[in-house]
Amino acid sequence: MSVQFFTDTPKTLLNEFDKRIAQSEPKGKINTWLKDGNYYTHKADDWTKKAWFLPSVENGKLVFNIIKPKGQNVSTVVYGYYHGHLTETFLNHFDKSFDYASSTALPVVGDHCSS
């Protein structure tokens, strides 16, 4: 699946991600991701809404599948940027909450990034 974080507590990890995005105090706040309903998109002006991640909690892992914008595809550059920056965010904020992360080089089942 697109980006996977292997952990014994995937639901807790997702809840912590949500909490850090929503918190008002600057220390520890995640400023680079925006929650949009059940989806996440990057917040930077050049990257926002170029794709979304849809999370799912599975046995032993938190999975984020990439979703394309309506009527558009996700370019290779956007695919790489989103995967890299999500992994970086989790390493910077939650390094003790998962054992390792994995990203696929190409879309897989569950991803929706091309027509």
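See above for the structure.
Predicted, not measured: the structure shown is a model, and the values here were computed from it. (Residues numbered from 1 in each chain as written. Predicted model: local features only at pLDDT ≥ 70, side-chain atom pairs only at ≥ 80, totals over all residues. Heavy atoms only, no water.)

Participant: An account of helix α1 (residues 10-22) is requested, with residue identities and associated values reported.
Facilitator: Given a rise of 1.5 Å per residue, 13 residues ought to cover 18 Å, and the 19 Å separating the end C-alpha atoms of α1 matches this to within 8%. Those residues of α1 not exposed but buried are P10, L13, L14, F17, D18 and I21. The buried residues of α1 occupy an angular sector of 140° when projected down its axis, which confines them to one face. Contact partners of the buried residues in α1: β1 (3-6), β2 (33-36), β3 (39-42), β4 (52-58), β5 (61-67) and α2 (76-94). (Helix = DSSP H or I, 4+ residues; strand = E, 2+ residues; numbered from the N terminus. Expected span 1.5 Å × (residues − 1). Buried < 20%, exposed > 50% of the residue type's maximum accessible area, 1.4 Å probe, protein only. Arc of directions from axis to C-beta. Contact = heavy atoms within 4.5 Å.)

Participant: Outline the environment of K11, supporting the account with residue identities and numerical values.
Facilitator: By secondary structure assignment, the location of K11 is in helix α1. Accessibility expressed as a relative area gives 47% for K11, which makes it partly exposed.

Participant: Tell me about the side chain of S2, and name the residues and values.
Facilitator: Following the sequence through the fold, S2 ends up in the segment before β1. Within the structure, S2 has its side chain in polar contact with the backbone nitrogen of I66 (distance 3.5 Å). (Polar contact = N/O pair within 3.5 Å; in protein donor to acceptor, adjacent residues only side chain to side chain.)

Participant: Break down the environment of K43 for me, with residues and values.
Facilitator: Relative to the elements of secondary structure, K43 occurs in the loop between β3 and β4. Among the residues examined, K43 registers a relative accessible area of 39% and is labelled partly exposed. For the pair K43 and V74, spaced 31 residues apart in sequence, the C-alpha to C-alpha distance is 16 Å. Residue contacts for K43: discarding those within four places in its chain leaves N31, T32, W33, L34 and T48.

Participant: I'd love a proper account of unusual backbone geometry, names of residues and values included.
Facilitator: Backbone geometry at K49 places phi at a positive 60°, although glycine is not the residue there. Inspection of the secondary structure puts K49 in the loop between β3 and β4.

Participant: Any details on the nonpolar core? Residues and values, ideally.
Facilitator: F17, F64 and F90 are the most contacted members of the largest nonpolar core, which totals 24 residues. Those elements giving two or more residues to this core turn out to be β1, α1, β5 and α2. In terms of residues, this core owes the most to one element, α2, which gives seven residues. Apart from residues no more than four positions distant in its own chain, F90 is found in contact with F5, L13, F17, L62, F64, D95 and F98. (Core = buried A, V, L, I, M, F, W, Y, C linked by side-chain atoms within 4.5 Å.)

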